[in-house]
Amino acid sequence: MHVGVEASRLARESRGIGRYVRALLPELAAADAALRVTCFAKDRDDAAALTAALAALPFLEGRCAVQPLSALGSVRTDLTWFPWNVVRPEAPSGPVVVTTHDIVPVALPDPRWHAVRTRWKWRRLYQRTVARATRILADSAFTRDELVRTLGADPARVVVALLGGDDTPTQPAYDRPAALRQRGITRPFVLCVGADEPRKNLGMARSAVGTLRARGLAVQLVCVGPRKRALIDADGVLELGFVSEQELATLYAEAAALVMPSSYEGFGLPLLEAMHAGTPAICARAASLPEVGGDAVVYVGAHDGRALASAIERCATDVAWRAELSARGRARAAQFRWAETARITLATFRDAVADGPR
């Protein structure tokens, strides 16, 4: 089977969906010795960077080519895979598989009056994606159900393929206390990983930490991920923005807990990363998070700040409780492997090729 991959963002995106594609491509190649891949890059610079990045991945040598995005459709493939939520640019003729990680722009549209055109464009793009795709891969049963409920997707064409966690960065800094001091981090601290968007409920996490500090517990909240505003260090909140893989591994290793009170997640990869690293996790009982966390995490209501503060306090002060959550999390995370994601993905590719284009 020859699979074309819309890879226009792959050279620049190391986490998020970029990490998903980088983790999955070698597993797909390992699972099917006859598989060939052509990745379509945005421009000449991206093509060079993508060629170098792919060369570093196992099992792909001699089986993965890079072409410009303009060649999508002129290079003959058995299937085209769009891993970035939607079918964009326009798909060539032939079977199409799209991985939809979430439908945030449709389920939680920008409410500002001047975003009316943006809202319309996103809804139309997702609707066209559902209509065009031969098969849709969803990161969770929650995302599958959202596609069916919100966009009218045929449930028979939506396949759930949970993500893996066995590539989580696990090599923290050699001198972890020094690494924390360099960043101005003091223990105990709790960690938030992800963008500062309303659905992430980081305001509730900041408020919970503020409440605990007012009671005399010197806990700190450390936030990493993309930020649109200036980084701050006030009231026990430290905003770091993007960090390296080693820094992230260090933060997971040293945190009293990961705090993830999101009200809407298509999967929740930071939760899986935390469990894999043995970091206790506190998350909202909402969206896909219970699918990932199972019985290995502490759940709170998505808008229950008091319960969140109580959970943070216990994780920061109860060593035995942290150890129990750590053991539960590692056992849970071991069930999520990229090889299994690849097995389901390959089966979906084959079914799509057998069905042909819509």
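As the structure is a prediction and not an experimental result, all values here were calculated from the model.

Describing the pairing of strand S8 (residues 189-193)
Then, in step 1: For S8, a buried count of five out of five residues is recorded, marking the element as mostly surrounded by other parts of the structure.
Then, in step 2: Of the two faces of S8, the one lined by Phe189, Leu191 and Val193 and the one lined by Val190 and Cys192 are each fully buried.
Then, in step 3: Inspection of the sheet shows S8 paired to strand S9 (residues 220-224) by five bridges, in the parallel sense. If you follow Val193 over to S9, its bridge partner there is Val224.
Then, in step 4: With helix H7 (residues 202-214) bridging S8 and its parallel neighbour S9, the resulting β-α-β unit is right-handed.
Then, in step 5: Here two bridges tie S8 to strand S12 (residues 257-260), and the two strands are oriented parallel to one another. Paired with Val190 across the two strands is Ala257, which belongs to S12.

A look at empty space enclosed by the protein
Over the atoms, a rolled probe matching the size of one water molecule traces out where space is still vacant.
Then, in step 1: Enumeration over the complete set of coordinates arrives at two cavities of 30 Å³ or more.
Then, in step 2: A volume near 60 Å³ is recorded for the largest cavity.
Then, in step 3: Residue lining of the largest cavity: Cys192, Val193, Gly194, Ala195, Lys200, Leu202, Leu258, Val259, Met260, Pro261, Ser262 and Glu265, and that is the complete set.
Then, in step 4: When residues of the lining of the largest cavity are traced back to their parent elements, those giving at least two are S8 and S12.
Then, in step 5: With three residues, S12 is the single largest residue contributor to the lining of the largest cavity.
Then, in step 6: Quantified by volume, the second largest cavity comes out at close to 40 Å³.
Then, in step 7: Along the walls of the second largest cavity sit Leu10, Val21, Arg22, Leu25, Leu50, Ala53, Leu54 and Leu57, which together make up its complete lining.
Then, in step 8: For the lining of the second largest cavity, the secondary structure elements donating two or more residues are helix H1 (17-31) and helix H2 (44-55).
Then, in step 9: When its residues are assigned to classes, the lining of the second largest cavity shows seven nonpolar, no polar and one charged.

A few points about the packing of aromatic side chains
Then, in step 1: The tally for this structure, following the rule as stated, stands at six aromatic pairs.
Then, in step 2: Plain terms: the ring middles of Trp122 and Tyr126 are 6.0 Å apart, the flat faces sit at 40° to each other, and that makes the pair tilted. Of this pair, Trp122 and Tyr126 both sit in helix H4 (residues 116-132), four residues apart, which is roughly one turn of the helix.
Then, in step 3: Owing to a relative accessible area of 27%, Trp122 belongs among the partly exposed residues under this scheme.
Then, in step 4: Geometrically, the ring pair formed by Phe267 and Phe336 is edge-to-face, given 6.3 Å between the ring centres and 75° between the ring planes.

Some thoughts on the pattern of salt bridges
Then, in step 1: Scanning the entire structure with this criterion turns up 24 salt bridges.
Then, in step 2: Residue Arg12 pairs with Asp46 through a salt bridge whose shortest N-O separation is 2.4 Å. Here Arg12, found in the loop between strand S1 (2-6) and H1, pairs with Asp46, found in helix H2; they are 34 residues apart in sequence, far enough to count as distant.
Then, in step 3: Overall, Asp46 belongs to the buried group, its relative accessible area being 9%.
Then, in step 4: Linking Asp32 and Arg350 is a salt bridge whose minimum nitrogen-to-oxygen distance equals 3.3 Å. Of this pair, Asp32 sits in the loop between H1 and strand S2 (36-41) while Arg350 sits in helix H13 (residues 338-355), placing them 318 residues apart in sequence.
Then, in step 5: Take Arg350: its relative accessible area is 43%, and that puts it in the partly exposed class.

Some details on the nonpolar core
Then, in step 1: Counting residues in each nonpolar core, the largest one holds 66 residues, and the members touching the most others are Leu25 and Trp81.
Then, in step 2: Discounting chain neighbours no more than four positions away, the residues touching Leu25 are Val5, Leu10, Val37, Cys39, Leu54, Leu60 and Trp81.
Then, in step 3: Formed by 27 residues, the second largest nonpolar core is a distinct cluster that contains Cys192, Val298, Ile312 and Ala316.

Focus on unusual backbone geometry
Then, in step 1: A cis amide bond links Arg88 with the next residue in sequence, Pro89, at an omega value of 0°.
Then, in step 2: Position of Pro89 among the secondary structure elements: in the loop between strand S4 (79-82) and strand S5 (96-100).
Then, in step 3: In this chain, Arg187 is followed by Pro188 through a cis amide linkage whose omega measures 0°.
Then, in step 4: Along the chain, the position of Pro188 falls in the loop between helix H6 (176-183) and S8.

What counts and what doesn't
- Residues numbered from 1 in each chain as written.
- Predicted model: local features only at pLDDT ≥ 70, side-chain atom pairs only at ≥ 80, totals over all residues.
- Heavy atoms only, no water.
- Buried < 20%, exposed > 50% of the residue type's maximum accessible area, 1.4 Å probe, protein only.
- Helix = DSSP H or I, 4+ residues; strand = E, 2+ residues; numbered from the N terminus.
- Pairing = 2+ DSSP bridges.
- Right-handed = clockwise from strand over helix to strand, strands pointing away.
- 1 Å grid on protein atoms, 1.4 Å probe; cavity = no way out; pocket = protein on both sides within 12 Å on 5 of 7 lines; lining within 4 Å.
- Points joined across faces, edges and corners; volume = space filled by probe spheres on them.
- Nonpolar A, V, L, I, M, F, W, Y, C, P; charged D, E, K, R; others polar.
- Phe/Tyr/Trp six-rings, centres within 6.5 Å; stacked < 30°, edge-to-face > 60°.
- Salt bridge = Lys/Arg side-chain N within 4 Å of Asp/Glu carboxyl O.
- Core = buried A, V, L, I, M, F, W, Y, C linked by side-chain atoms within 4.5 Å.
- Contact = heavy atoms within 4.5 Å.

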